[in-house]
Amino acid sequence: MLKLADDLNRRLEPQERFEQILSSAFRRFGKAVVDLSYANFYEGPGKPVLEALERAIADDRILALQYTPYGGRTVTRRLIATSLTEEYGLPFNYQHVILTPGATAALNMVFRTLFGPGEEVLLPTPCWHDYAVYLSNLGISIRTVPLAQNKHLDLEAIALATGPNTRGIVLSQPCCPTGVVYSKNELAELAKLLTEAEQRFQTAIYLVSDEVHRHIVWSGAEVYSPLLSYPRSLTIYSFGKALFIQGQRIGYVAVSPQMPEDRRLAKQLEQCERIMGYGAPTSLMQRAICDLIEYRPPLDLLARRQREARRKLKDSGFELCDGEATCFVYVKSPMADDFAFVERLAARGVLVLPSSVFLEAGHLRVSLTARGEAITRGVEAMGEVLQDARTSPSNREACER
Ligand SMILES: Cc1ncc(COP(=O)(O)O)c(C=O)c1O
């Protein structure tokens with residue numbers, strides 16, 4: 001029987017509570033559900049992606065579908081390293097890149113390799129829901145540090161939270177769930193702060209930069225990677241996310257070539273892939289992505305959806321976070337209890353994620369990955385629930401925060 005520590009059970013609770021809302025909405029409304037919660041892209045991947053998958057299947061080279069080395073196929077790793085070198089201007093080689101079945105596996109391997117039980121990791125919040133679940137599962141201590149009001153890094157709060165047990169910080173750039181792109185300046189300030197902390201506490205502090213959304217920038221904003229400011233950084237990537245084939249689970253972790261112990265750490269990550277047993281991606285996907293490393297799906301549809309949904313939500317009276325990337329809109333919940341709002345919306349067959357899932361109360365994450373007409377309906381329903389909540393005397397108090 002699976003036995004989970006109390007801390008882990010507590011961390012899973014909001015997600016499991018939402019899953020119940022989701023399944024009862026599907027039981028009640030069936031296919032009519034408007035699902036703006038998880039980021040499954042209803043339009044599916046583009047033609048070039050499907051064609052690359054077909055080519056990989058048709059490849060009848062000897063050993064094409066057999067085991068690959070730990071760390072992944074050298075050819076694929078090399079292509080990614082070349083592409084990273086161009087994108088970041090840092091000298092990556094194939095050994096810096098460890099292929100994984102998506103970012104989830106990469107994060108688990110990185111946490112297991114870098115941090116030990118009792119050591120502390122900083123999580124600026126709101127943050128992607130499973131960082132805390134994975135860290136807690138590994139017995140690693142978590143210190144949450146709320147982002148500033150505008151959802152950028154609160155550097156003063158991070159400095160105050162950094163102590164002798166701090167071994168790392170995990171953030172997503174661009175940020176999930178907010179869609180905010182951290183600026184070059186704030187990341188340079190963060191790097192300075194971490195370098196000072198390393199010296200003061202005489203210990204290595206790692207920055208895990210989850211960049212699975214770095215190519216989903218609908219606004220045209222420039223995304224600056226923390227790897228360019230801080231040598232003890234690792235970047236996490238997901239082709240699943242970038243190409244809208246999330247269920248195919250293919251991604252990687254890359255160690256910064258500027259890290260003093262880059263080779264040693266990369267080797268340890270390969271070793272970790274072996275000992276964890278689930279860290280190797282399928283050989284089929286390792287082949288398929290070779291043709292897709294430079295491919296960027298067009299984002300004009302997402303950009304139109306983002307602008308339209310943001311305008312409509314604002315017109316209905318919602319307060320929005322100024323995101324520039326990802327498929328998400330992060331919205332202040334009109335009711336202090338984000339779950340209460342989500343439940344009311346679900347009663348109309350519309351699903352969005354309550355921010356309690358992301359370790360922050362009082363907001364909602366709306367994913368613009370459903371079909372166009374469903375998004376329109378969902379956004380309208382949000383406005384209706386907002387009006388209802390404001391006009392019903394029993395709720396007025398809950399809305400006035
Ligand atoms: C910020 C972030 N990190 C990691 C993941 C997991 O990515 P993958 O599907 O490649 O495992 C997601 C997926 O939603 C995400 O949004």
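*Asks:* What is the right way to look at the overall build of the protein in this model?
*Replies:* Summing up its helical and strand segments, the protein has 14 helices and twelve strands in all. For the protein, whose C-alpha radius of gyration is 21 Å, the value lies close to the compact-globule estimate of 21 Å for 401 residues. Each principal axis of the C-alpha atoms in the protein carries an extent, and together these give about 65 × 55 × 50 Å. Taken over 401 residues, the protein has a buried fraction of 57%. Restricting the contact set of the protein to residue pairs at least 6 apart, pairs at least 24 apart contribute 73%. Summing over all exposed atoms, the protein offers an accessible surface of approximately 17700 Å²; the carbon and sulfur share of this is 50%. Here the protein carries 46 positive and 47 negative side-chain charges, and the mean point of each set is 3 Å from the other.

*Asks:* Looking at this structure, how should I read the site of the ligand?
*Replies:* Near the ligand the following residues occur: Gly-102, Ala-103, Thr-104, Trp-128, Tyr-131, Cys-176, Asp-210, Val-212, His-213, Ser-238, Lys-241 and Arg-249. At a separation of 2.6 Å, a nitrogen atom of the ligand approaches a polar side-chain atom of Asp-210. Between an oxygen atom of the ligand and a side-chain N or O atom of Ser-238, the distance comes to 2.7 Å. Compared with its free state, where it exposes 400 Å², the ligand has 92% of that area covered by protein. Here the ligand occupies the largest pocket. At three residues, helix H4 (residues 102-114) tops the list of elements feeding residues into the shell around the ligand.

*Asks:* Looking at this structure, how should I read the layout of surface pockets?
*Replies:* One way to see where empty space is left: roll a probe the size of a water molecule over the atoms. The computed volume of the largest pocket comes to approximately 510 Å³. If you trace the largest pocket, you find 24 residues lining it, with Thr-104, Trp-128, Lys-241, Gln-246 and Arg-249 closest to the centre. Sorting the residues of the lining of the largest pocket by element identifies H4 and helix H8 (239-243) as the ones contributing at least two each. No other element matches the four residues that H4 contributes to the lining of the largest pocket. When its residues are assigned to classes, the lining of the largest pocket shows ten nonpolar, ten polar and four charged. Shared between two domains, the lining of the largest pocket holds at least three residues of each, these being domain 1 (6-44 + 298-399) and domain 2 (47-291). By volume, the second largest pocket is sized at about 250 Å³. If you go around the second largest pocket, the residues you meet are Gln-149, Asn-150, Lys-151, Glu-319, Leu-320, Cys-321, Asp-322, Tyr-330, Val-331, Lys-332, Glu-360 and His-363. Considering each element in turn, the lining of the second largest pocket owes the most residues, three residues, to strand E9 (residues 328-332). Here the residues of the lining of the second largest pocket are counted per class, giving four nonpolar, three polar and five charged. Here the lining of the second largest pocket gathers at least three residues from each of two domains, domain 1 (6-44 + 298-399) and domain 2 (47-291).

*Asks:* Please explain the domain arrangement of the protein as it appears in this structure.
*Replies:* Accessible area lost during the coming together of the parts is what is often quoted as the interface size. Under the domain assignment, the protein is made up of domain 1 (6-44 + 298-399) and domain 2 (47-291). Computed over C-alpha atoms only, the centres of domain 1 and domain 2 are separated by 27 Å. Contacts between domain 1 and domain 2 engage 31 residues on the former and 32 residues on the latter. Between domain 1 and domain 2, a total of about 2700 Å² is buried, with carbon and sulfur atoms accounting for 66% of that surface. Summed over the shared surface of domain 1 and domain 2, the number is one salt bridge. For Lys-151, the salt bridge goes to Glu-360, with nearest N and O atoms at 2.6 Å. Where domain 1 meets domain 2, there are eleven residue pairs in polar contact (both at pLDDT 80 or more). Of all the elements in the fold, those that place two or more residues in the side of domain 1 that touches domain 2 are helix H1 (6-29), helix H11 (300-315), E9 and strand E12 (363-367). Per-class residue counts for the side of domain 1 that touches domain 2 are 16 nonpolar, seven polar and eight charged.

*Asks:* What exactly am I supposed to notice about the sheet that holds strand E6 (residues 206-210) here?
*Replies:* Backbone hydrogen bonds hold the strands of a sheet together, and the pairing may be parallel or antiparallel. Taken in spatial order, the seven strands make up an open sheet running E2-E8-E7-E6-E5-E3-E4, and their pairing is mixed. Only two strands of the sheet have a single partner each, and these edge strands are strand E2 (97-100) and strand E4 (141-146). Neighbouring strand axes in the sheet, compared pairwise and without regard to direction, differ in orientation by 20° on average. Here strand E3 (residues 120-125) pairs with E4 via six bridges, running parallel.

*Asks:* Looking at this structure, how should I read the pairing of strand E8 (residues 251-255)?
*Replies:* Regular strands have side chains that alternate between both faces of the sheet. For E8, the buried fraction is high: five of the five residues fall into the buried class. The side-chain alternation of E8 yields two buried faces, one formed by Gly-251, Val-253 and Val-255 and the other by Tyr-252 and Ala-254. Pairing of E2 with E8 involves four bridges; the strand directions are antiparallel. Paired with Leu-99 across the strands is Tyr-252, a residue of E8. Of the strand pairs in this sheet, strand E7 (residues 233-238) and E8 are connected by five bridges, and their pairing is antiparallel. Each residue of the ladder has a partner; that of Ile-236, found in E8, is Val-253.

*Asks:* Looking at this structure, I do not really get the nonpolar core. What am I missing?
*Replies:* For soluble globular proteins, the rule of thumb is that nonpolar side chains tend to be buried together. Counting 85 residues, the largest nonpolar core has Phe-111, Val-208 and Leu-234 as the members making the most contacts within it. In terms of residues, this core owes the most to one element, helix H13 (residues 372-391), which gives eight residues. If we skip the residues at most four places from it in the chain, Phe-111 touches Tyr-131, Tyr-134, Leu-135, Leu-138, Ile-140, Val-170 and Val-208. If you look at the next biggest cluster of nonpolar residues, it comprises 26 residues, including Val-49, Leu-53, Val-97 and Leu-99.

Conventions used here
Residues numbered from 1 in each chain as written. Predicted model: local features only at pLDDT ≥ 70, side-chain atom pairs only at ≥ 80, totals over all residues. Heavy atoms only, no water. Helix = DSSP H or I, 4+ residues; strand = E, 2+ residues; numbered from the N terminus. Rg over C-alpha atoms; globule rule 2.2 N^0.38 Å. Buried < 20%, exposed > 50% of the residue type's maximum accessible area, 1.4 Å probe, protein only. Contact = heavy atoms within 4.5 Å. Areas by Shrake-Rupley, 256 points an atom, 1.4 Å probe, with all protein chains shown as cover. Lys, Arg positive; Asp, Glu negative; His and termini not counted. Charge placed at Lys NZ, Arg CZ, Asp CG, Glu CD. Near = heavy atom within 4 Å. Polar contact = N/O pair within 3.5 Å; in protein donor to acceptor, adjacent residues only side chain to side chain. 1 Å grid on protein atoms, 1.4 Å probe; cavity = no way out; pocket = protein on both sides within 12 Å on 5 of 7 lines; lining within 4 Å. Sits in = over half its atoms within 2 Å of the grid points. Points joined across faces, edges and corners; volume = space filled by probe spheres on them. Nonpolar A, V, L, I, M, F, W, Y, C, P; charged D, E, K, R; others polar. Domains from an automatic or database assignment. Buried area = accessible area lost by both parts, 1.4 Å probe. Salt bridge = Lys/Arg side-chain N within 4 Å of Asp/Glu carboxyl O. Pairing = 2+ DSSP bridges. Axes fitted to C-alpha atoms, helices over the stretch in contact; angles between N-to-C directions. Core = buried A, V, L, I, M, F, W, Y, C linked by side-chain atoms within 4.5 Å.

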